[in-house]
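# Observations on the three-dimensional arrangement
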Amino acid sequence: MDPVTEDRAPEPLTDYAQRLTHRVRAFDRRHPLLWDLHFTGFWVTAALIDYAGGGWRNNAHQLDVPGWLLLTLSLGLSAPLLWRRTHPGAVLAAMVPFALVNAWTGAALQAALLQLVLVYHLALRRPLRNLWWATALVIAPVLVSALRHGEGTWDQQIGSHLMSITVAVLIGATVRTRRDYTEALEDRARRLETERDQQAQLATAAERGRIAREMHDIIGHNLSVITGLADGGRYAAAKSPERAAQALDAIATTSRQAFTELRRLLDVLREEERQQPDLTPQPGLTDLDQLLDGVRSAGLPVTTTIHGSPTLPPGRQLTVYRVIQEALTNTLKHGGPHATADIELSYEEKSAVTVTITDTGHGSRTDGTSRDGRGLPGMRERTALYGGTLEAGPRPHPERGWRVRLSLPEESPQ
């Protein structure tokens with residue numbers, strides 16, 4: 001075993017004491033009155049035993065104190081402890097007259113030392129400025145006893161009581177500091193737990209948005225292609241069965257491609273661990289030709305113009321691919337018959353790229369989004385990841401159709 005770990009392991013006795021203390025405090029929080037009754041009852045019983053058994057005579061300055069007065073002083077110096085936690089200052093003030101009488105008569109009951117319990121609670125629950133007058137109240141009976149009976153020197157009597165008060169204050173301050181520190185740690189733990197839950201919710205929302213964008217791009221595009229192929233195949237079925245068969249083959253191919261991409265995306269959501277995860281990459285610029293072939297087979301003529309050499313990282317390639325895919329999908333949906341599309345890609349240095357997709361469609365389209373509202377917002381979100389800009393809108397009059405322009409700036413050095 002590692003010696004460091006062994007040294008840090010709690011001792012059985014310490015661990016037991018901590019658990020016992022935790023249980024006692026938990027019980028006290030649930031039943032404060034019951035604990036106060038037990039605490040007060042113990043000291044009242046001790047005071048009465050000191051009175052009835054005659055133990056007070058060992059320290060008394062005068063032995064001819066009436067019994068009724070001794071009983072009254074014993075109860076007056078112990079019974080008020082029942083309210084020590086809620087009103088420590090008032091309880092101390094109420095005990096002072098009994099302590100003064102105790103000192104004046106010379107009874108010197110040991111119950112007078114219970115005033116130190118009130119000093120402890122003042123240091124534990126009240127501002128420290130209250131300790132000045134509390135110290136004066138506790139010292140006052142000592143001065144009365146020294147003036148009236150004159151036993152011992154001043155420094156012995158006053159010094160010993162001041163030392164006792166100091167110890168009570170230090171204990172109360174220590175417990176108070178530890179309690180405040182524990183509460184601060186618990187509050188911090190609660191805030192960290194809340195922040196962790198909020199971050200998890202934000203991460204979940206972001207992941208849902210990403211998955212929604214991917215599913216929109218995959219399903220929306222492929223269904224648009226399949227719809228175009230089905231319409232073309234229906235018209236060609238009567239006049240050209242061969243063209244209809246080609247359309248069916250293209251539908252089957254597009255459907256398999258959509259199924260493969262959708263399965264790859266849904267695999268991410270599986271909770272079970274896979275021994276051999278799917279390492280198929282996301283679509284990029286190398287898949288652009290396949291995308292254009294599918295769109296052309298669906299009945300949309302597409303021309304491409306490329307300037308420069310593509311040197312984009314995979315993330316930027318996916319953004320360019322999805323924007324082109326979404327623009328062509330919208331043209332298939334809204335462009336109407338006889339629409340054409342043109343794609344112009346300009347590759348620049350440091351992974352900067354500009355893509356312009358224009359079409360000549362004249363279908364009804366107002367915002368460039370699909371009915372689910374994820375088309376244009378999804379493209380803008382992808383573009384914002386790389387600090388780029390995306391413009392989408394109708395072409396200027398008198399030209400017809402729609403234009404989408406994507407611009408990704410130079411990649412910042414890491």
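Once a new chain begins, its residue numbering starts again from 1 and follows that chain's sequence as written. The model is predicted, so local features are restricted to residues of pLDDT at least 70 and side-chain atom pairs to those at 80 or more, both for listing and for counting; the totals for chains, interfaces and linings are taken over all residues. Side-chain metrics rest on all non-hydrogen atoms present in the structure, leaving aside hydrogens and water.

## So, the overall build of the protein
- When helices and strands are tallied, the protein shows 12 helices and five strands.
- Note on exposure labels: buried denotes an accessible area under 20% of the residue type's maximum, exposed denotes more than 50%, and partly exposed covers the range between, all computed with a 1.4 Å probe on protein chains only. Considering the protein as a whole, with its 414 residues, one finds that 37% of them fall into the buried category.
- It only takes one pair of heavy atoms within 4.5 Å for two residues to be counted as in contact. Taking contacts inside the protein between residues at least 6 apart in sequence as the whole, the part at least 24 apart equals 70%. The way it works is that DSSP assigns letters per residue, a run of H or I at least four long becomes a helix, a run of E at least two long becomes a strand, and they are numbered from the N terminus.

## Examining the packing of aromatic side chains
- Aromatic contacts are taken between Phe, Tyr and Trp rings whose centres are within 6.5 Å, Trp giving its six-membered ring; a plane angle under 30 degrees counts as stacked, one over 60 as edge-to-face, and the others as tilted. The final tally for this structure, using the stated rule, is two aromatic pairs.
- Between F39 and W43 the ring centres are 6.5 Å apart and the planes differ by 70 degrees, which places this aromatic pair in the edge-to-face class. Here F39 and its partner W43 are both found in helix α3 (residues 32-52), four residues apart, which amounts to about one turn of the helix.
- For the pair F42 and W43, a centre-to-centre distance of 5.0 Å together with 80 degrees between the ring planes defines the contact as edge-to-face.
- We classify W43 as partly exposed; its relative accessible area is 30%.
- Here the aromatic residues F39, F42 and W43 are joined through ring pairs into a cluster of three or more.
- Here, over-ring charges are defined by two tests on the NZ atom of lysine or the CZ atom of arginine: distance to the ring centre within 6 Å, and angle to the ring normal within 35 degrees. Taking NZ or CZ as reference, R84 lies 4.0 Å from the ring centre of F39, over its face.

## Comments concerning the nonpolar core
- By convention a nonpolar core is built from buried Ala, Val, Leu, Ile, Met, Phe, Trp, Tyr and Cys residues, the set being connected through side-chain atoms within 4.5 Å. Core analysis: the biggest nonpolar cluster contains 29 residues, and V302, V320, I324, L328, I343, V355 and I357 have the highest contact counts within it.
- Going through the elements one at a time, α10 (288-297), α11 (314-334), β2 (341-347), β3 (353-359), α12 (375-384) and β5 (402-408) are the ones with two or more residues in this core.
- If one sorts the elements of this core by residue count, α11 sits on top with six residues.
- Once residues lying within four places of it in the same chain are set aside, the contact partners of I324 are L288, L291, I343, L345, V355 and I357.
- Ranked by size, the runner-up nonpolar core spans 24 residues in total, among them L81, L118, V142 and I165.

## Brief notes about the layout of surface pockets
- The calculated volume of the largest pocket comes to roughly 1,100 Å³.
- Using a grid of 1 Å spacing that covers the protein atoms alone, one calls a set of points a cavity when a 1.4 Å probe fits there but cannot get out, and a pocket when the set is open and has protein on both sides within 12 Å along at least five of seven lines; lining residues are those with an atom within 4 Å of a point. Considering the residues around the largest pocket, the lining is formed by 23 residues, among which R25, D28, R29, V175 and R179 are closest to the centre.
- Among the elements of the structure, α2 (12-30), α3, α6 (115-125) and α8 (154-239) are those that each provide at least two residues to the lining of the largest pocket.
- In terms of residue count, α2 provides more of the lining of the largest pocket than any other element does, seven residues in total. Grid points are joined across faces, edges and corners, and a volume is the space filled by probe spheres set on the points.

## Observations concerning the packing of helix α5 (residues 88-105) against helix α7 (residues 130-149)
- Here an angle of 0 to 180 degrees is reported between the N-to-C directions of two axes, which are lines fitted to C-alpha atoms, with helices fitted over the stretch in contact. Put simply, α5 and α7 touch, their axes get as near as 8 Å, and they point 5 degrees apart. Looking at the two axes, α5 sits roughly parallel to α7. Contacts between α5 and α7 pair G89, L92, A93, V96, A99, L100, A103, W104 and T105 from the former with W133, A134, L137, V138, A140, P141, V144, S145, R148 and H149 from the latter.
- Within the contact of α5 with α7, the residues separate by chemical class into 14 nonpolar, four polar and one charged. Comment on the angle field: the value is read as roughly parallel under 35 degrees, roughly antiparallel over 145, roughly perpendicular from 65 to 115, and oblique elsewhere. Residue polarity is assigned by list, with Asp, Glu, Lys and Arg as charged and Ala, Val, Leu, Ile, Met, Phe, Trp, Tyr, Cys and Pro as nonpolar; anything else, Gly included, falls into the polar class.

## Details of the confidence of the model for the protein
- Within the protein, residue pLDDT values average 78, and 77% of them lie at 70 or more.
- Known as pLDDT, the predictor's per-residue confidence is scaled from 0 to 100. Mean pLDDT per element in the protein: helix α1 (residues 3-8) is the minimum at 47, and β3 is the maximum at 92.
- pLDDT under 50 marks residues 1-7. Its contacts with residues more than four places away, or in other chains, come to one contact.
- Segment residues 366-372: pLDDT under 50, and 15 contacts once partners within four positions in sequence are set aside and those in other chains are kept.

## So, a nonpolar patch on the surface
- Patches in this entry comprise residues that are over 30% relatively accessible and not in a salt bridge; like charges within 9 Å are linked, as are nonpolar side chains (Val, Leu, Ile, Met, Phe, Trp, Tyr) within 5 Å. Per-residue accessibility takes into account occlusion by the displayed protein chains alone, with areas from the Shrake-Rupley method and a 1.4 Å probe. Each reported salt bridge corresponds to a side-chain nitrogen of Lys or Arg within 4 Å of a carboxyl oxygen of Asp or Glu. A contiguous nonpolar patch, built from L13, Y16, L20, V24 and W35 and spanning about 500 Å² of accessible area, is present on the exposed surface.
- Sort the elements by how many residues they give to the nonpolar patch and α2 lands first, with four residues.
- Position of W35 relative to the elements: it lies in helix α3.

## Remarks on the pattern of salt bridges
- In this structure the tally under the stated criterion is eight salt bridges.
- D187 is the partner of R191 in a salt bridge, and the nearest nitrogen-oxygen pair spans 3.1 Å. A residue pair is termed a helical-turn pair when its members lie 3 or 4 positions apart in one helix, as R191 and D187 do in helix α8 at four residues.
- A relative accessible area of 32% means that D187 is categorised as partly exposed.
- Among the salt bridges present, the one from R196 reaches E193, with a minimum N-O distance of 3.9 Å. Here R196 pairs with E193, and both are found in helix α8, just three residues apart, close to one helical turn.
- Because the salt bridges share partners, they merge into one network encompassing D36, R84 and R85.

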